[in-house]
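Listed here are the chains, written in short residue letters.
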Amino acid sequence: MAGNPFSLTKGQLLEAYRKMKTIREFEERLHVDFGRGDIPGFVHLYAGEEASATGIMAHLGDGDRIASTHRGHGHCIAKGVDVIEMMKEIYGKKGGSCNGKGGSMHIADLSKGMMGANGILGAGAPLVCGAALAAKLRKKGEVAISFVGDGASNQGTFLESLNLAAVWNLPTIFVVENNGYAESTSRDYGVAVDSYVDRAAGFGMPGVTVDGTDFFAVHEAAGEIIRRAREGGGPTLLECKMVRFHGHFEGDAQTYRGPGELEDIRVNKDCLKKFTAEVTESGVIAASELKAIDDEVMELIEKAVREAKAAPLPTLADLTTDVYVKY
Ligand SMILES: Cc1ncc(C[n+]2csc(CCOP(=O)(O)OP(=O)(O)O)c2C)c(N)n1
Ligand SMILES: [Mg+2]
């Protein structure tokens, strides 16, 4: 048995694989079920982007908070939100993360530090400034992280939050998940600077760019900047360059893609394939161990869909529950 060349233990590697695979299969199943007309509302899939959520969240505990985007399923799963409750939520059923009243774009679980997916672009960043300020005052070394896409990174709320976080030296990280598109608009058409590192510098904070299809690159960079934030070193902007396997939303014809682009990203930029190749070729993990996880994940997704379909819809009386916070 070869030595372990990774900075993660074998157990941590297996856990990372399980998370990425769960996100992938959750999303691929939604793709099919949405196409069949089983799912109400709007769905944006995170497939292809798993290494970002998983590499970052591997460093977080339940006391660390995150605010997600409209493409939030991967962030939720990586942060430890219950997969069956998530599926029920997406199906709009009772027993879902928000009892079926939120749907795909509003999944939240405060017990896991997941403050919510969000249909409003850039809305998570100011929330995270508040959570990070609370963390700073509590002095327990907790951090708060917001995710935005390349498109949402142009929102005033996001840019104001960068300034606030730098001025207050908050324990926060602003992750820009750059998948190259905002809906059908290419990133290069919508963002004037070539590098988000330059943008971060304009707000007086460090910026780091990583290959977001490489779990190990994300994990290493995130580990360093989260550690610095926990120790009082302030905020950082982390850009993860990545690809999305599906359309902007389910039903998007993707006519803006170049010829062969989708095939190319599935073959050459699949974070799960890259991870699998690295850990098996190193001899640290056997293909059969990954296969065992694959089987468990498929069983979990199947169970989640079965339970989501069988669960009751919210009733009229449920409309007036959970409207106000109880203290
Ligand atoms: C404030 C606001 N403006 C516009 C929209 C409509 N909208 C939803 S997603 C989207 C594109 C987002 O692109 P990006 O931030 O790159 O995230 P991605 O979808 O690529 O993950 C837009 C314009 C919105 N939801 N909120
Ligand atoms: Mg984008």
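Just so we're clear, the structure is a prediction, and the values are computed from it rather than from any experiment.

Cut-off values and rules
The residue count restarts for each chain, going from 1 along the sequence in the order it is written. Throughout, the order in which chains and ligands are written sets their labels, letters from A for the former and numbers from 1 for the latter. Totals for whole chains, interfaces and linings use all residues, but because this is a predicted model, local features are given only for residues with pLDDT of at least 70 and pairs of side-chain atoms are given and counted only at 80 or more. Numbered from the N terminus, helices here are DSSP runs of H or I no shorter than four residues, and strands are runs of E no shorter than two. It is over C-alpha atoms that the radius of gyration is taken, and the globule rule equals 2.2 Å times the number of residues to the power 0.38. Exposed residues have 12 or fewer other C-beta atoms within 10 Å of their own C-beta, buried residues have 20 or more, and partly exposed residues fall in between, where C-beta atoms are placed from the backbone. Each residue gets a C-beta atom placed from its backbone, and two residues are in contact if those atoms lie within 7 Å. Strands are treated as partners if at least two bridges between them are detected by DSSP. Only the contacting stretch of a helix is used when fitting its axis, a line to C-alpha atoms as for every element, and angles between N-to-C directions run 0 to 180 degrees. Using a C-beta atom placed from the backbone, a residue is scored as near a molecule or strand whenever that atom is within 6 Å of it. Following the grouping adopted for this structure description, the nonpolar residues are Ala, Val, Leu, Ile, Met, Phe, Trp, Tyr, Cys and Pro, the charged ones are Asp, Glu, Lys and Arg, and the polar ones are all others, Gly among them. Throughout, right-handed denotes a crossover for which the path from the first strand over the helix to the second runs clockwise when the strands point away from the viewer. When the near helix sits turned anticlockwise from the far one by under a right angle, the crossing is termed left-handed; a clockwise turn instead gives a right-handed crossing. If an angle is under 35 degrees, it is roughly parallel; if it is over 145, roughly antiparallel; if it lies from 65 to 115, roughly perpendicular; otherwise it is oblique.

Visitor: An account of the overall build of the chain is needed here, citing residue identities and associated values.
Guide: Check the secondary structure of the chain and you find 12 helices and 7 strands. A globule of 327 residues ought to have a C-alpha radius of gyration of about 20 Å, and the chain, at 19 Å, matches this closely. Along the three orthogonal principal directions, the C-alpha set of the chain runs to about 55 × 50 × 45 Å. When the 327 residues of the chain are sorted by exposure, 47% land in the buried category. At a minimum sequence separation of 6, the contacts of the chain that also span at least 24 residues come to 74%.

Visitor: Which residues make up the environment of R227, and what are the values?
Guide: You can see R227 is positioned in helix α9 (residues 215-230). A residue is classified by how many C-beta atoms lie within 10 Å of it, and R227, with 13 of them, is partly exposed. In this structure, the C-alpha to C-alpha distance between R227 and V279, residues 52 residues apart in sequence, is 25 Å.

Visitor: Any details on the sheet that holds strand β2 (residues 144-149)? Residues and values, ideally.
Guide: Overall, parallel pairing links the 5 strands, which are arranged β1-β2-β3-β7-β6 in an open sheet. The open sheet has two edge strands, β1 (65-67) and β6 (207-211), and neither has a second partner. Along the sheet, successive strands turn relative to each other by an average axial angle of 20 degrees, direction set aside. Sheet analysis places β2 next to strand β3 (residues 172-178), joined by 6 bridges and oriented parallel. Bridge pairing in β3 places A144 opposite T172. Lying over the sheet, helix α5 (residues 124-138) contacts β1, β2 and β3, oriented at roughly 170 degrees with respect to β2.

Visitor: Please provide a residue-by-residue account of the site of ligand 1, values included.
Guide: Taken together, 15 residues are adjacent to ligand 1, and L121, G149, G151, A152 and A182 come closest. Looking at the shell around ligand 1, the elements with two or more residues in it are β2 and β4 (181-182). In the shell around ligand 1, the residues fall into 6 nonpolar, 6 polar and 3 charged.

Visitor: Explain the pairing of β3 to me, using residue names and the numbers behind them.
Guide: With 7 of 7 residues buried, β3 lies mostly within the body of the structure. Both faces of β3 are covered, namely the face carrying T172, F174, V176 and N178 and the face carrying I173, V175 and E177. Once you follow β2 into helix α6 (residues 156-167) and on to β3, the crossover reads as right-handed. In the sheet, β3 pairs with strand β7 (residues 236-241) via 6 bridges, with the strands oriented parallel. Residue pairing across strands places F174 opposite L237, the latter belonging to β7.

Visitor: Which residues make up the pairing of β7, and what values go with them?
Guide: With 6 of its 6 residues buried, β7 lies for the most part within the structure. One ladder, built from 5 bridges, connects β6 with β7; its direction is parallel. Paired with D211 across the two strands is K241, which belongs to β7. For the crossover from β6 across α9 to β7, the handedness is right-handed.

Visitor: A description of unusual backbone geometry should follow, citing residues and the corresponding values.
Guide: The phi dihedral of N169 falls on the positive side, at around 50 degrees, and the residue is not glycine. Note that N169 resides in the loop between α6 and β3. Residue D322 is not a glycine yet carries a positive backbone phi of 60 degrees. Here D322 shows up in the segment after α12 (287-310).

Visitor: I'd love a proper account of the packing of helix α2 (residues 50-57) against α9, names of residues and values included.
Guide: Two packed helices can be described by the angle between their axes and the distance between those axes. As a packed pair, α2 and α9 sit with axes 8 Å apart at the nearest point and diverge in direction by 35 degrees. You can see that α2 and α9 cross each other, and the crossing is right-handed. Listed contacts from α9 to A51, S52, T54, G55 and I56 of α2 are F215, V218, H219 and A222. Partitioned by chemical class, the residues of the contact of α2 with α9 number 5 nonpolar, 4 polar and no charged.

Visitor: So what's going on with the packing of helix α1 (residues 10-35) against helix α11 (residues 271-281)? Residues and values would help.
Guide: Relative orientation of the contacting elements α1 and α11 amounts to 155 degrees, with a least axis distance of 10 Å. When the interaxial angle is binned, α1 and α11 end up roughly antiparallel. Crossing hand, α1 versus α11: left-handed. Two secondary-structure elements touch here, α1 through L13, Y17, M20, K21 and R24 and α11 through C271, L272, F275 and V279. Taken together, the residues that form the contact of α1 with α11 break down as 7 nonpolar, no polar and 2 charged.

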